[in-house]
Amino acid sequence: MVARGVLAVMVVMAVTPTGTCVFTSPRDSLTHPDVHLPLQVFHELVTGPLTGHSFVLYLDPDLGPHTLARILSLPALQYASLVLVDLSSDGREWCQKQPKEILRGDYLVHIVVFATTNPLPFFRAVVNTNELWRAKYLVLFSLSKKIKGEILKAHEFSRAERLVMFTQHINDKIDSSAQMDMVTYFPFAHHNSIATLGPWLRGEVSAEDVFVDRFPTFEGYKFLLGTWLDDFPFLHQARDRPEGEGVGSAVEMLDAMATYLNFSYNFTYMPPDKKWGDFEDGAWTGILKLVHDEGRNFSVNNFGYTPKRFEDFDSSVPYWVDGFGMALINPPPLPKWRNVYYPFTAVVWAAMALCLAVVVVAFYIQDRAQTKPLLGGLGEVWLYTLRPVLSRSLPTLPDTHNQRLFVAAWCLVCLILTTAYTANLIAFLTIPLYQKQLETAQQLAESDFRVSMLDYGEFVPQALRSSRDTYYRALAAKLDLYESEPESVYPVMNGTHAYIQAYHYSRILFSEVYHARNVYMLREQLYPNHLCWYFQKNTAWKYKFDIELQRLLQTGLVAHWVKVKTEYYVGNDFERKWLLESTERRPAVALTLEHTQGLFFLLLLGWGLSGAAFVWEAATRPRPR
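A.B. asks: Sorry if this is basic, but what is going on with the overall build of the protein here?
C.D. replies: A count of helices and strands for the protein gives 23 helices and 22 strands. Burial analysis of the protein (625 residues in total) assigns 47% to the buried set. Restricting the contact set of the protein to residue pairs at least 6 apart, pairs at least 24 apart contribute 73%. About 32400 Å² of surface is accessible on the protein, with carbon and sulfur atoms providing 57% of the total.

Structure follows, in structure tokens:
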């Protein structure tokens, strides 16, 4: 009780609000004859390989006031950022009061110094209370010869990425002099998983010697993956193979890692609830449920980053960027009888009509101002100026220079316009003209299209409903969820809905499964996200996969595999085709009556106007007497 009281007083006096401890107690000489070897090694450790680190120091009150005072008065700890923890306290209460930076900071070294008190009960309470606690660097410093290295196998310490234990050892061969050994635990090793790293030798041991890689390889371990083999082009069921054998870019990545890290793996064909993975009613569903609740090691399906997933899982480094695409059927071609109108826009047609009217009036004024007019009246002037517009030659030229310059300018303008019109008319007669495609979520929200999506437990429907974006909420109001994939796709084929699904998956789905070549993807994607793999929370060996994913990403292999797997279904050079599909030229076809019906409409219009003019002239002509 006295020792515990002393430690409590020390903790109260030492810990500042920020968790930084600065001691002003007198510096005791470490060469004092009463100082034991473990304290000497502890001092050499924190002043040697661990110099410059911040510490979380877990102390056993049974060490006694004298030993505790000497530990806390070490020069290396007096000016270090330090958090003190009493191992006899309630680990649950301590954990609840600590900020995330203390519980999970990668820059901290957690050192547990104990004598007779077994530290497992304290850490058991911590682990059972808070999933945030994860000591990346964990040092067990034992002053007891009764607690052996087997303690490293405890589940409470499985979260540590780098784990080492200092124990006392009597070496009879060297004059019975005592020494401290460094011991660690290799979880995947077949034999002698508790391994001695060697004795502590002052000045000869580095931080790399203390914190060794406990996962150099996985020794042939078979990982159980929570997956769904319906994730083109990343992971899907292989053709003509037994159920559960997958192919895709994720398989290529796993195989490359397995060769180097020495492991194997087994897929889950489909989650029992047929959900993708979302947090519903306080529990995870689908693939993520397999990892979170049912013990699968990790998942390699198409998942992006979300705050809730960050909270409950360990995520890998990102390896790809993908979002939710919106697929629409191509709009039908515009009526072919209007082909003669399409070469110019409405503004150009209006400008031409206005220009013709101005030319007629101006030339009529010039002609009336002449001593001998070239033309008789306004009707003759209108027909005269109309001839260049129809690529017809003029029957006669004006005599005056001003009229000749005026006519020459008008003929040049008409030559350019008629040449441009003729060139465009050939294209519009042979190539169908389509309505403008929708390209953004705003355009889709403002259109008459509804939205369909397979109800497989993704976060998108809820995200659209709760979005601050007006157009996203408008899409949510038009969203129809279906229980089966065909039910969600057929409305798109019927031209009433847009389909929301992962971008690359949608391309392959419509191309390979439904053979729909008249479906295109909107340029804008919903919730573009960095894809990652999700592991069980506090997986100590996740960093090994992070390293390998970064290597595959930096060498371009991930992009290569995604492209190859996609091209297998949608054809070569698909990226360029996707960008140009809306403007891609169709093959030349023979002209039919449907192509030229607009010309016949113009002919009928001309005949009608001429007939009306004939009737008007006949009715207004003076009758001979």
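A.B. asks: Would you explain helix H12 (residues 346-368) in this entry?
C.D. replies: The terminal C-alpha atoms of H12 lie 33 Å apart, and with 23 residues this matches the ideal 33 Å at 1.5 Å per residue to within 8%. If you check which residues of H12 are buried, you get Met 352, Leu 356, Val 359, Val 360, Phe 363 and Asp 367. As for H12, its buried residues are in contact with helix H13 (378-389) and helix H14 (401-430).

A.B. asks: Can you walk me through the pattern of salt bridges in this structure?
C.D. replies: As a working rule, side chains carrying opposite charge can pair if their charged atoms are close by. In total, this model carries 16 salt bridges according to the counting rule given. One salt bridge connects Glu 458 with Arg 309, and the closest N-O pair in it is separated by 3.8 Å. Separated by 149 residues along the polypeptide, Glu 458 in the loop between strand E18 (450-454) and helix H16 (460-465) and Arg 309 in helix H11 (residues 307-312) bring together distant segments of the chain. An identical accessibility class is assigned to Glu 458 and Arg 309; each is buried. Taking the shortest distance from any N to any O, the salt bridge between Arg 523 and Glu 439 comes out at 3.8 Å. With Arg 523 in the loop between strand E21 (519-521) and strand E22 (526-535) and Glu 439 in the loop between H14 and helix H15 (441-446), the pair connects residues that are 84 residues apart, well separated along the chain.

A.B. asks: Is there a simple way to think about the sheet that holds strand E9 (residues 230-231) in this case?
C.D. replies: Across a sheet, paired strands are connected by hydrogen bonds in the backbone, their directions being either parallel or antiparallel. Judged by pairing direction, the sheet is antiparallel, and its 3 strands sit side by side in the order E9-E10-E11 without closing on themselves. Looking along the sheet, the strands with just one partner apiece sit at the ends: E9 and strand E11 (246-247). Two elements, strand E10 (residues 235-237) and E11, share 2 bridges in a ladder whose sense is antiparallel. Paired with Gln 237 across the two strands is Gly 246, which belongs to E11.

A.B. asks: In this structure, what is going on with the packing of H13 against H14? I would like to understand it.
C.D. replies: For any two helices packed against each other, the geometry is given by the interaxial angle and the distance between the axes. Across the interface, H13 lies against H14 with an axial gap of 7 Å and an inter-helix angle of 40°. It follows that H13 is oblique to H14 by the angle criterion. Note on element contacts: H14 touches H13 through Val 407, Trp 410, Cys 411, Cys 414 and Thr 418, opposite Tyr 384, Thr 385, Pro 388 and Val 389. In terms of residue class, the contact of H13 with H14 is built from 7 nonpolar, 2 polar and no charged.

A.B. asks: Even after reading the chapter, I still don't get the side chain of Ser 299, so can you show me in this structure?
C.D. replies: By the secondary structure assignment, Ser 299 is in strand E15 (residues 298-304). At 2.7 Å, the side chain of Ser 299 and the backbone oxygen of Gly 226 are in polar contact. At 3.4 Å, the side chain of Ser 299 and the backbone nitrogen of Asn 301 are in polar contact. Discounting chain neighbours no more than four positions away, the residues touching Ser 299 are Gly 226, Thr 227, Ile 287, Val 291, Trp 533 and Tyr 534.

A.B. asks: Would you mind showing me how to read the nonpolar core here?
C.D. replies: Nonpolar side chains in soluble globular proteins generally cluster together in the buried interior. Formed by 51 residues in total, the largest nonpolar core has its most connected members in Met 326, Leu 444, Leu 475, Tyr 499, Ile 500, Phe 510 and Leu 526. With 5 residues, helix H19 (residues 503-513) is the largest single contributor of residues to this core. Residue contacts for Leu 444: discarding those within four places in its chain leaves Met 326, Leu 328, Leu 438, Phe 449, Val 451, Leu 475, Lys 478, Ala 498 and Leu 522. If you look at the next biggest cluster of nonpolar residues, it comprises 35 residues, including Phe 218, Ala 250, Tyr 265 and Leu 552.

A.B. asks: What exactly am I supposed to notice about a negative patch on the surface here?
C.D. replies: Judged by side-chain charge, Asp 273, Glu 280, Asp 281, Asp 293 and Glu 294 come together as a negatively charged surface patch. Checked against the element boundaries, Asp 281 lands in the loop between strand E13 (279-280) and strand E14 (283-284). Owing to a relative accessible area of 83%, Asp 281 belongs among the exposed residues under this scheme.

A.B. asks: Looking at this structure, I do not really get the packing of H12 against H14. What am I missing?
C.D. replies: For the pair H12 and H14, the least separation of the axes is 11 Å and the interaxial angle reads 160°. As judged from the angle between their axes, H12 and H14 are roughly antiparallel. Our pair here, H12 against H14, has a crossing hand that is left-handed. Along the contact surface, H12 presents Trp 349, Met 352, Cys 355, Leu 356, Val 359, Ala 362, Phe 363, Gln 366 and Asp 367, while H14 presents Asn 402, Gln 403, Phe 406, Val 407, Trp 410, Leu 417 and Tyr 421. Residue composition of the contact of H12 with H14, grouped by class: 12 nonpolar, 3 polar and 1 charged.

A.B. asks: Help me understand the environment of Tyr 434, please; the structure alone is not making it clear to me.
C.D. replies: Relative to the elements of secondary structure, Tyr 434 occurs in the loop between H14 and H15. With 103 residues separating them along the chain, Tyr 434 and Pro 331 place their C-alpha atoms 6.4 Å apart.

A.B. asks: Quick question: what am I supposed to make of the pairing of E18 here?
C.D. replies: Two faces make up the sheet, and in a regular strand the side chains alternate between them. The element E18 is largely enclosed, with a buried count of 4 among its 5 residues. Judged from the 4 bridges that link them, E18 and strand E19 (residues 479-482) form a sheet pairing that is parallel. Across the sheet, residue Leu 454 finds its bridge partner in E19, namely Tyr 482.

Parameters and conventions
Residues numbered from 1 in each chain as written. Predicted model: local features only at pLDDT ≥ 70, side-chain atom pairs only at ≥ 80, totals over all residues. Heavy atoms only, no water. Helix = DSSP H or I, 4+ residues; strand = E, 2+ residues; numbered from the N terminus. Buried < 20%, exposed > 50% of the residue type's maximum accessible area, 1.4 Å probe, protein only. Contact = heavy atoms within 4.5 Å. Areas by Shrake-Rupley, 256 points an atom, 1.4 Å probe, with all protein chains shown as cover. Expected span 1.5 Å × (residues − 1). Salt bridge = Lys/Arg side-chain N within 4 Å of Asp/Glu carboxyl O. Pairing = 2+ DSSP bridges. Axes fitted to C-alpha atoms, helices over the stretch in contact; angles between N-to-C directions. Parallel < 35°, antiparallel > 145°, perpendicular 65-115°, else oblique. Nonpolar A, V, L, I, M, F, W, Y, C, P; charged D, E, K, R; others polar. Polar contact = N/O pair within 3.5 Å; in protein donor to acceptor, adjacent residues only side chain to side chain. Core = buried A, V, L, I, M, F, W, Y, C linked by side-chain atoms within 4.5 Å. Patch = residues over 30% accessible without salt bridge, like charges linked within 9 Å, V, L, I, M, F, W, Y side chains within 5 Å. Lys, Arg positive; Asp, Glu negative; His and termini not counted. Charge placed at Lys NZ, Arg CZ, Asp CG, Glu CD. Left-handed = near helix turned anticlockwise from the far one by under 90°.

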